[in-house]
Amino acid sequence: MASPYRFIGKTTPRKDAREIVTGRANFLADRKFPGMLHGKVLRSPHPHALIKSVSRDEVMKLPGVEAVLTWEDVPNWKGGTPRCTRILDRKVRYVGDAVALVAADTEEHAKEALRFIKVEYEVLPAVFDIEEALKPGAPQLYEDFPGNVVTPGVPFFGPKNLKEVVRGDVERGFAEADVITEGTFGYENMPNPIPPEPPGVVALWEAPDSVTLWVSNQASYMDTVILSHIMERKIQPRTIGGPCGGSFGSKYMSWQVQCYAALLSRATRKPVKLVLTKEEHLASFTLRPASRMSAKVGMKKDGTVTAVQGTWLIDTGYYSMTTQSQIAVGCGEVQIMVQCPNWDLKPVIVCTNRNASGIVRGFGGQELKCCLIPLLSLAMEKAGVDPFEFLKKNFVRPGGGYFWRDGIWYNHRGIDHTKAMERGAEVFGWKEKWKGWLKPTAVNGPKRRGIGVGIHGSADIGEDSSEAYVRLHPDGTAMLFSCVTEHGTGQVTNYIRMVAEVLQLPMERISITPPDSLINPYEFGPAGSRGTYAIGAAIIAAAEDARQRLLELIAPRLKAKPQDLDTVDGVVYRKDDPGVKIPWKAMAVDRTITGYGRFDPDYSLVNCMMTFIEVEVDTETGKVALLRVVNATDVGQIIDPPGLENQLNGCLGSAGIDSAIFEEMILDRSAGRMLNANMIDYKWRTFPELPVIENVVMETPFPSHRFHAVGVGEIATSPGPSAVLMAVSNALGVWIHKYPVTPERVLKTLGKTGSGKGGAA
Amino acid sequence: MEKRKSVRPVAFLKKGEDTVVRTQKLTRKKARATERISLTVNGKIHEMEVGTASHQIDPAHTLAHTLRETLGLTGTKVSCDHGACGSCTVLMDGKAVLSCMTLTIECDGKRITTIEGLSDPETGELDPLQQAFVDHTAFQCGFCTPGMIMSAKALLGENPSPTEEEVKEGLSGNFCRCISNYHVVKAVLAASGKGR
Ligand code: FES
Ligand code: FES
């Protein structure tokens, strides 16, 4: 069938393509301001200590140094949920915690100055393990969190915000089960999303209560919202975004970095640039939460899950800003994956003395499933159930429901994802390859192949609110006002594409405002795959509103009713007689027309991604080679073919599939130091190691917005890791339950040698 | 004076083989300063004094620093600043080098090409490789892209018709976290002799 669209689903160069390939895309580190100072952070060498004194006498005499700030100099700004983490505190809580801030005329001078700050610490005992932290007598990180248990709940999600999954009757569920399995499973390797561009900011404090920040974040409007909370609502910062050099969730928030620069600028009244080094980025910025779950599941012989009961421990590091949100969403997503009537799943967030956890693609659901699927697999093995059939059977169908993050029950009113799953299985050859649990698909000498499958789906595609304006100009051009930054998905171009389709105006005639919080309306930002549906819907509504106003204004001139008119290429014409037409200029040369659009949250649509994995394990070296990945999804309508493919290929990195194979942050659990906080020791996949990826994308129209599309970018990373564990177990013929499956672990599992420890174990 | 040959082509930089790279950084301070150095960047000759005053080239300055901070050529991106990710790749006499691991004072007499030097300075027309990156959307966030293009440029300079495997090998020192790698390979092949 021919496409009804002129722009949607067409491959066009990205709006910013020329800037990117010529090096003219102005990333934050490329920006300079007159009189600009450079900020640096002195960081704690101790995982837990009280600062007894800081001496800075020598530092202020050094050339170029303009400010040194310690906990005694800064206002009582606090981040975290609830807000308990001071920007600079008397207590340090991990190796890398900020002790002092310096601003100097050059980066070298600022760096040099750090060496001259003398700090006296009273070292405190520290705790690095979730369960150790919960024991009586364990070192306490905050007075506000007795027993190191972080207060559950996210007030922003509403009064009933989801803190656990408790419903039905688990006892009855277990009684109905044919098989019951239980155990403790973890996803604790803390893979680091590591966007190539580190977190950074330039801040300029001008009047007593006015600060402007140039940010490089994923959601530049939310920076102003978050900062205004932290700054005790006394200040409304203006945030201006720019190209974002990768985020994968992690740079949705850089509140600490932003506050450091703001405070230094407040002290000096000069613009201050503060960009983390790669080592700081890896060792002191947020990474994926660590999860450990002790649980029990009941299953019938046909793969019906009758009960899930367990405790989900989440290590959030030294603070939580979003971990409660990740839990709420993860708890919603797990119900989408397993349509079971009986639940008793209780999360506990624990703080420990390492750098904090934060947002990463997969947002809670990936963490939870990476623990739950291995447990379900044990039950499937006992019940003799094929995992593909199991995942297909248990995933929410239209009419099926779940409690979402706001604690409210929703029924999925979207499409049936079964078709995409089946198509994926066909392309992968699941039926031919599947030989049963713990059976390799092929054995070639010491090399054994195995397959696995995983799934993820979320109702976050309609999360939170978005607003936009579209302004029409008499010269036949339009401008979109939307506070979105380009962070790699290509969506900025796609929003222009959507406006172009509504207005039937060439994309070259549409521009977008800079992502400046001062000129644009509210925008939660691209997160949780909400870009296509939620942001898209607001933008479409704004374009439709502008178009309607235009037609109403022009109608009398063409002696017609607005509904009898249409517009194309900047000309309004009568539908019954296209020869009767008039250019937009007829609106008057001194007039513009502005449309407004808003999207309100809608949690009744679910996206889905199923990932099939084939690995080859060398039983002599223990190396796991990822041979093939098939991602299967249904997006309703493809908006941007190459952009979508790029996003799906992203399943490997940014703490995705490779977090099951070799990615991990290695914490020295005696000293509290991250041992591999650099790009040489942190492993990442290189070009020669790329597996074959096939992306199966279906287009069953969704009841979303007028283009019937939903997003899937975020979730591409999520189904893979547990599928890798499954594939490796099947290849080896023995269960392997720890991430990542390093050669040492594989050999240990085979009883061959070694401690079997990855660094995080 | 005798110049140390410390510049390593990206293609030879393997993970784990970092000792040499690190030693270079440590020996920075010891490098002897010439009075003046001259380097040609994108066809333009820059005569620079060596010294520690703010207008001079500090012996400790990396080429990446000089390009970005002194010459304002910010197209060269620094990500790891440690020789591991390839994002700072530029061409030195046609070969790919990591500008974060190269000292500027060692570039005396060298011809440097950065991403800014690829398109036609008169017409603005893109290099066929840049055009191929545009046509194949061979980027997502775009932060790794300048380095990726410069590595690919060096590769095609040495091997105008590489196989897919050779492209992957040639780009093995370049980190792309967004995983635009698949589109990059397509773009490089399209721009190569084979693709035309
Ligand atoms: S920035 Fe030079 S190799 Fe990473
Ligand atoms: S495009 Fe983002 S790192 Fe390569």
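Being a predicted model, the structure only gives us computed values, none of them experimental.

Trainee: What's the story with the overall build of chain B in this structure? I'm lost.
Mentor: Helices and strands together make up the secondary structure of chain B, namely six helices and five strands. For chain B, the N- to C-terminal ordering of α and β elements is α-β-β-α-β-β-β-α-α-α-α. The 196 residues of chain B split such that 60% are buried. Residue pairs in contact within chain B that sit at least 24 positions apart in sequence constitute 61% of those at least 6 positions apart. Accessible surface, chain B: about 8100 Å² in total, of which carbon and sulfur atoms supply 51%.

Trainee: Help me out: how do you make sense of the interface of chain B and chain A in this one?
Mentor: Interface extent is often summarised as the accessible area lost during association of the parts. Contacts between the two partners involve 50 residues from chain B and, on the opposite side, 52 residues from chain A. At the boundary of chain B with chain A, total buried surface from both sides reaches about 4500 Å², with 60% on carbon and sulfur atoms. With a shortest N-O distance of 3.9 Å, Glu-645 of chain A and Lys-186 of chain B are connected by a salt bridge. Our count for the contact surface shared by chain B and chain A stands at 17 residue pairs in polar contact (both at pLDDT 80 or more). For the side of chain B that touches chain A, the secondary-structure elements that each account for two or more residues are helix 2 (63-70), helix 3 (128-135), helix 4 (145-158), helix 5 (164-170) and helix 6 (181-191) of chain B. The element contributing the most residues to the side of chain B that touches chain A is helix 6 of chain B, with six residues.

Trainee: Help me understand the sheet that holds strand 28 (residues 593-599) of chain A, please; the structure alone is not making it clear to me.
Mentor: The pairing of strands in a sheet comes from backbone hydrogen bonds and takes either a parallel or an antiparallel form. All names here are of chain A. Taken in spatial order, the four strands of this open sheet run 24-23-22-28, and their pairing is mixed. Looking at the sheet topology across the chains shown, the edges are occupied by strand 24 (510-512) and strand 28. Each strand axis lies, on average, 20° off the axis of its neighbour in the sheet, ignoring direction. Direction of pairing for strand 22 (residues 466-472) relative to strand 23 (residues 478-481): antiparallel, over a ladder of four bridges. Across the sheet, Tyr-469 pairs through a bridge with Phe-481, a residue of strand 23. The strands that helix 14 (residues 491-503) touches are strand 22, strand 23 and strand 24; relative to strand 24, the one it contacts most, it runs at about 140°. Across the sheet, helix 15 (residues 531-554) is in contact with strand 22, strand 23 and strand 28; its angle to strand 28 comes to roughly 150°.

Trainee: In this structure, what is going on with the environment of Ala-177 of chain A? I would like to understand it.
Mentor: All names here are of chain A. Within the element layout of this structure, Ala-177 appears in the loop between helix 5 (170-176) and strand 10 (179-187). Classification of Ala-177 as buried rests on a relative accessible area of 16%. With 128 residues separating them in the primary sequence, Ala-177 and Val-305 have C-alpha atoms 7.8 Å apart. In contact with Ala-177, other than residues within four places in its own chain, are Gly-298, Met-299 and Thr-306.

Trainee: Help me understand the domain arrangement of chain A, please; the structure alone is not making it clear to me.
Mentor: Residues and elements named next belong to chain A. Considered domain by domain, chain A is made up of domain 1 (17-26 + 464-599), domain 2 (31-124 + 194-284) and domain 3 (290-461 + 604-749). Relative to domain 3, the C-alpha centre of domain 1 lies at a distance of 38 Å. With 19 residues of domain 1 in contact, the opposing surface of domain 3 contributes 21 residues. Together, the buried faces of domain 1 and domain 3 total about 1500 Å²; carbon and sulfur atoms form 57% of this surface. Of all residues in domain 1, Ser-529, Thr-532 and Tyr-533 give up the largest surface area on contact with domain 3, accounting jointly for 40% of the area buried on that side. On the surface where domain 1 and domain 3 come into contact, there are two salt bridges. Between Arg-405 and Asp-464 there is a salt bridge, with the nearest N and O atoms lying 2.8 Å from each other. Inspection of the region where domain 1 meets domain 3 yields six residue pairs in polar contact (both at pLDDT 80 or more). Listing elements by their share of the side of domain 1 that touches domain 3, those giving two or more residues are helix 14 and helix 15. The element that contributes the greatest number of residues to the side of domain 1 that touches domain 3 is helix 15, accounting for seven residues.

Trainee: Can you help me understand the pairing of strand 12 (residues 210-215) of chain A in this one?
Mentor: Sheet faces and side chains relate simply in a regular strand, where the side chains alternate between the two faces. Residue and element names in this part refer to chain A. When you tally the buried positions in strand 12, you get five out of six residues, the bulk of the element. As defined by bridge partners, strand 11 (residues 200-207) adjoins strand 12 across six bridges and the pair is classed as antiparallel. If you follow Ala-203 over to strand 12, its bridge partner there is Leu-213. The antiparallel hairpin formed by strand 11 and strand 12 contains two residues in its connecting segment. Where strand 12 meets strand 13 (residues 238-240), three bridges bridge the pair, whose relative direction is parallel. Following the sheet pairing, Leu-213 is matched in strand 13 by Thr-239. In this view, the connection linking strand 12 to its parallel neighbour strand 13 by way of helix 6 (residues 220-230) has right-handed handedness.

Trainee: What should I look at first to understand the domain arrangement of chain B in this one?
Mentor: All names here are of chain B. Domain annotation of chain B identifies domain 1 (22-117) and domain 2 (128-191). One C-alpha centre belongs to domain 1, the other to domain 2, and the line joining them spans 23 Å. Both sides together, the interface formed by domain 1 and domain 2 hides about 1100 Å², and carbon and sulfur atoms give 66% of it. Taken together, the connections running from domain 1 to domain 2 amount to one salt bridge. Two residues, Glu-158 and Lys-95, come together in a salt bridge whose shortest N-O distance is 3.8 Å. The tally of links from domain 1 across to domain 2 stands at three residue pairs in polar contact (both at pLDDT 80 or more). If one sorts the elements of the side of domain 1 that touches domain 2 by residue count, strand 3 (residues 89-92) sits on top with three residues. Tallied by class, residues from the side of domain 1 that touches domain 2 come to seven nonpolar, eight polar and two charged.

Calculation rules
- Every residue gets a number counted from 1 within its own chain, in the order that chain's sequence is written.
- For naming, the first written chain is A and the first written ligand is 1, with later ones following in the order written.
- Confidence filtering applies because this is a predicted model: local features only for residues at pLDDT of at least 70, side-chain atom pairs given and counted only at 80 or more, and all residues used for totals across whole chains, interfaces and linings.
- Note that the side-chain values use all heavy atoms of the structure and ignore hydrogens as well as water.
- Strands are runs of DSSP state E lasting at least two residues, helices are runs of H or I lasting at least four, and both sets are numbered from the N terminus onward.
- Burial classification: accessible surface area is computed with a 1.4 Å probe over protein chains only, and a residue below 20% of its type maximum counts as buried, one above 50% as exposed, and the rest as partly exposed.
- In what follows, a contact means two residues having at least one pair of non-hydrogen atoms within 4.5 Å.
- Values of accessible area rely on a 1.4 Å probe in the Shrake-Rupley scheme; residue burial ignores everything except the protein chains shown.
- Two parts lose some accessible area (1.4 Å probe) when they are put together, and adding that loss for both gives the buried area.
- For this document, the term salt bridge refers to a Lys or Arg side-chain nitrogen within 4 Å of an Asp or Glu carboxyl oxygen.
- What qualifies as a polar contact is a pair of N or O atoms within 3.5 Å, subject to a donor-acceptor requirement within protein and to the restriction that residues adjacent in sequence count only when both atoms come from side chains.
- Two strands qualify as a pair provided DSSP detects at least 2 bridges between them.
- Working convention: axes come from line fits to C-alpha atoms, limited for helices to the stretch in contact. Angles between N-to-C directions cover 0 to 180 degrees.
- Residue ranges for the domains originate in an automatic or database domain assignment.
- Note on handedness: a clockwise path from strand one over the helix to strand two, with the strands aimed away from the viewer, defines a right-handed crossover.
- Think of it as three bins: nonpolar holds Ala, Val, Leu, Ile, Met, Phe, Trp, Tyr, Cys and Pro, charged holds Asp, Glu, Lys and Arg, and polar takes everything else, Gly as well.

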